[in-house]
Amino acid sequence: MAADPILSLRNVEVHFPVRTGVLKRVTAHVRAVDGVDLDVYRGEVLGLVGESGCGKTTLGKAILQLVRATQGTVTYSGEDGETELTTQDDAGLFAFRKRLQIVFQDPHSSLNPAFTIFGSLEDPLRHYGVKTRAERRKIVGDLLEAVNMRREAMDRYPHEFSGGQRQRIGIARALSIDPELIVCDEAVSALDVSIQAQVLQLLMDLKREKNLTYVFITHDLSVTEYLCDRIAVMYLGKVVELCDAEELYSNTLHPYTQALLSAIPVADLDRKSQRIVLQGDVPSPINPPSGCPFHPRCRFAQDICRTDVPRLRAYKAGSGVHMAACHLIDQPLAD
Amino acid sequence: MEHDVALTVKGLKTYFYNNNRCNRAIDGVSFEIRQGKTLCIVGESGCGKSVTAASIMQLLPTLSRIEEGEITYHGPDGPVRIDALDRGGAQMRSIRGKEIAMIFQDPMTALNPVYSIGFQIKEMLMYHTGLGRRERHDKAIDLLASMGIPLPERRVNEYPHLYSGGMRQRAMIAIAMSCNPRILIADEPTTALDVTIQAQIFELMDTLKRENGTAIMLITHDMGVVAELADDVAVMYMGNIVEAGPVGTVMRNPVHPYTRALLDSIPVLGRGKDQEIKAIPGQTPDPYDRPKGCQFADRCRHRIDKCDQMPPETQVSDDHRVMCWRYEEFASDGR
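Residues numbered from 1 in each chain as written. Chains lettered and ligands numbered in written order. Predicted model: local features only at pLDDT ≥ 70, side-chain atom pairs only at ≥ 80, totals over all residues. Heavy atoms only, no water.

## What to know about the side chain of E51 of chain A
Thinking step 1. Topologically, E51 of chain A is positioned in the loop between β3 (45-49) and α1 (56-63).
Thinking step 2. At 2.3 Å, the side chain of E51 of chain A forms a polar contact with the side chain of T196 of chain B.
Thinking step 3. Residue contacts for E51 of chain A: discarding those within four places in its chain leaves K56, Y235, Y256, L260, V282 and R297 of chain A together with D194 and T196 of chain B. (Helix = DSSP H or I, 4+ residues; strand = E, 2+ residues; numbered from the N terminus. Polar contact = N/O pair within 3.5 Å; in protein donor to acceptor, adjacent residues only side chain to side chain. Contact = heavy atoms within 4.5 Å.)

## What about the interface of chain B and chain A?
Thinking step 1. On the side of chain A, 40 residues touch chain B, which itself brings 44 residues to the contact.
Thinking step 2. Summed over both partners, the interface of chain B with chain A comes to about 3,900 Å²; 54% of that surface belongs to carbon and sulfur atoms.
Thinking step 3. When the buried area of chain B at its contact with chain A is split by residue, E228, L269 and K273 of chain B rank highest and sum to 21% of it.
Thinking step 4. Run the count over chain B and chain A and you get one salt bridge.
Thinking step 5. Inspection of the region where chain B meets chain A yields eleven residue pairs in polar contact (both at pLDDT 80 or more).
Thinking step 6. The set of elements that each furnish at least two residues to the side of chain B that touches chain A consists of α7 (165-177), α8 (195-212), α9 (223-229) and α10 (247-252) of chain B.
Thinking step 7. Ranked by residue count, the leading element in the side of chain B that touches chain A is α8 of chain B, at eight residues.
Thinking step 8. Classifying every residue of the side of chain B that touches chain A gives 19 nonpolar, 14 polar and eleven charged. (Buried area = accessible area lost by both parts, 1.4 Å probe. Salt bridge = Lys/Arg side-chain N within 4 Å of Asp/Glu carboxyl O. Nonpolar A, V, L, I, M, F, W, Y, C, P; charged D, E, K, R; others polar.)

## Describing the environment of V5 of chain B
Residues and elements named next belong to chain B.
Thinking step 1. Mapping V5 onto the fold places it in strand β1 (residues 5-18).
Thinking step 2. The class for V5 is partly exposed, based on a relative accessible area of 25%.
Thinking step 3. C-alpha of V5 to C-alpha of Y73: the two residues are 68 residues apart in sequence and 8.8 Å apart in space.
Thinking step 4. Residues in contact with V5, not counting those within four places in the same chain, are E32, I33, R34 and H74. (Buried < 20%, exposed > 50% of the residue type's maximum accessible area, 1.4 Å probe, protein only.)

## Focus: the packing of helix α3 (residues 117-127) of chain A against helix α5 (residues 163-175) of chain A
Residues and elements named next belong to chain A.
Thinking step 1. Interaxial distance between α3 and α5 falls to 8 Å at its minimum, and their mutual angle equals 25 degrees. In terms of axis orientation, α3 runs roughly parallel to α5. For α3 against α5, the interelement crossing comes out right-handed. Residue-level contacts link I117, S120, L121 and P124 of α3 to I169, A172 and R173 of α5.
Thinking step 2. Its residues placed into classes, the contact of α3 with α5 shows five nonpolar, one polar and one charged. (Axes fitted to C-alpha atoms, helices over the stretch in contact; angles between N-to-C directions. Parallel < 35°, antiparallel > 145°, perpendicular 65-115°, else oblique. Left-handed = near helix turned anticlockwise from the far one by under 90°.)

## Section: the side chain of S77 of chain A
Thinking step 1. Here S77 of chain A is to be found in strand β4 (residues 71-78).
Thinking step 2. When near neighbours in sequence (up to four residues on either side) are disregarded, S77 of chain A contacts P5, I6, R42 and E82 of chain A.

## Regarding the nonpolar core
Thinking step 1. L144, I171 and F216 of chain A together with I121 and M251 of chain B are the most contacted members of the largest nonpolar core, which has 136 residues in total.
Thinking step 2. Of the residues forming this core, the biggest block, nine residues, is contributed by helix α6 (residues 193-210) of chain A.
Thinking step 3. The residues touching I171 of chain A, leaving out its near neighbours within four places in the chain, are V103, V147, V199, L202, L203 and L206 of chain A.
Thinking step 4. Listed in part, the 37 residues of the second largest apolar core include A53, A54, I82 and M102 of chain B. (Core = buried A, V, L, I, M, F, W, Y, C linked by side-chain atoms within 4.5 Å.)

## Some thoughts on the pairing of strand β2 (residues 25-41) of chain A
Residues and elements named next belong to chain A.
Thinking step 1. Inspection of the sheet shows strand β1 (residues 5-20) paired to β2 by 13 bridges, in the antiparallel sense. What sits directly across from P5, in β2, is Y41.
Thinking step 2. Linkage of β1 to β2, two consecutive antiparallel strands, is achieved through a turn of four residues, within which G21 is found at a positive phi near 80 degrees. (Pairing = 2+ DSSP bridges.)

## Topic: the pattern of salt bridges
Thinking step 1. Taken as a whole and judged by the stated rule, the model has 35 salt bridges over all chains.
Thinking step 2. In this structure, R42 of chain A and D4 of chain A form a salt bridge, with 3.4 Å as the shortest nitrogen-oxygen distance. Remark: D4 of chain A occurs in the segment before β1 and R42 of chain A occurs in the loop between β2 and β3; sequence separation between them is 38 residues.
Thinking step 3. You can call D4 of chain A partly exposed: its relative accessible area is 36%.
Thinking step 4. For E329 of chain B, the salt bridge is made with R326 of chain B, and the minimal N-O distance between the two is 2.7 Å.

## Regarding the sheet that holds β1 of chain B
All names here are of chain B.
Thinking step 1. Ordered by their spatial adjacency, four strands build an open sheet running β2-β1-β4-β5, and the pairing between neighbours is antiparallel. At either end of the open sheet lies a strand with only one pairing partner, and these are β2 (21-34) and β5 (78-81). Ignoring which end each strand starts from, the neighbouring axes of this sheet average 10 degrees apart.
Thinking step 2. By the bridge criterion, ten bridges tie β1 to β2 in an arrangement that is antiparallel. The residue bridging K13 from the neighbouring strand is D27, located in β2.

Spelled out as structure tokens, the structure:
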């Protein structure tokens, strides 16, 4: 898995205008994603973790151009060379939508209740050139079998299925046009634990079979540890730490990641760790704090943290690079 | 006095009626909550955790009723049979909120948006204590301050929409704790919250337990939470407590196949990428069309013919009980 990026994000910013008053004048911006540099390598599972409101879902949508970045570039590299997605219009994006798909968080609202499963799943096929209905029925049937469901399920309606089954239908829909990359936006968060394991295993089996790349958005760091090759931790629209999954858990650098990891209840009685309890809430992304966005809640905050924004820098690590954005970590490899 | 029992539930059966069908939501549940201890009830959605809490509080919906069993509250004036009380009667109203308080899952819907937080705390004090207007106001500020809400003098007059999710949940706990209840029932109090906020809430509940000797019944679906907080644990599946005991016993030597499957199905932080998670096959049965015998039989790997009959509750040791025909084999396989 040497550096073969499928997607490169450079300084991506997504700002949403806040309109107030009778005239609906723009008075402020929500800085949902605020300058993110990220590469997604072919064949990897990249985890995007963070608390609610940190911009992880918006970043996921920006990757797919479902929300347009207000600044920065998203570049797709495939067999036919590099293409900058951010400058493409809708027609230009058509060819790339086939390769980049998404599985949504809520299996209850992401399927149209008035359509049968076949109705929902045949749409992408029709758009991407499967002309005859018989052929589409065959493909949809195969897809449902690939996600461990029965072929006959295609003529039933979403309300007849449980949450776990619906999520599997959502995965089947994303797979229908053979994408290269799937963004899983909290794909297992709404499911019961026993069902969650079924879906996680299915995702991993499909990845091996079809050589997929996942961007896995979640707030659950136990799931990312199990699933991901690399993990990016986000806070207030910025990536604060980025490295291999193992490295993140064994050698946590950023104080926010440390607190996040220690706050997770672990289902293991022999591993009672000291909880680092953060004070206060995540600040508003409309008016983020000066300097390091994490400094009002950081145990180690110093003067420099209040004034200067730390950049993501590379640090020494066992294998690969360990990136973190903090003034207080010693020994950066390169500035 | 330290470990005396605060509440006993014995053979509780609560049924729901719908379209001439009967859902035996709770089908013979027994447990006790001890003073100064935390009992965690863990299970998947639909297993009857919340109905248990609603039965204790006499807050069941109209189309359901307690069919059988006893709920005994051991108050300062001797035992009271809660199930025999009129649900809107004076005695029940004096227990509900004052002696047994409850925290709900979703603080946004549990708080009334048209009344200030202060009003909602003072309402409790007005009904259950003899405090005067001034004293009530001061007590409300004290409570908010002790929950770690900044600027309580100002916040007390604010409305729920001005509070963040974590602060709303803390305000709910403030309401629940306002009359120093002897039992606190928390129904998934942190499911809607981020892990860092969850850690704050747990810290708070731990303090309450230690300082006031409050008995806590915590309903959760997260085995991690159980490992962190519980003294005792009861695992529920489809209306039965399938295994119960001290947290160390149940988590280290689980003897019911469901408890084992549940523990095997979650990725545990710190076990790395190589950990094996085993999904539980199938899904929970339709509550209106239950299997006749053991409810878990259809998904169980160790099923035998005898499982078509309901297994009895059996003591494995003094404080460890299980509902399974084959528990002895599992107890001795040294897991």
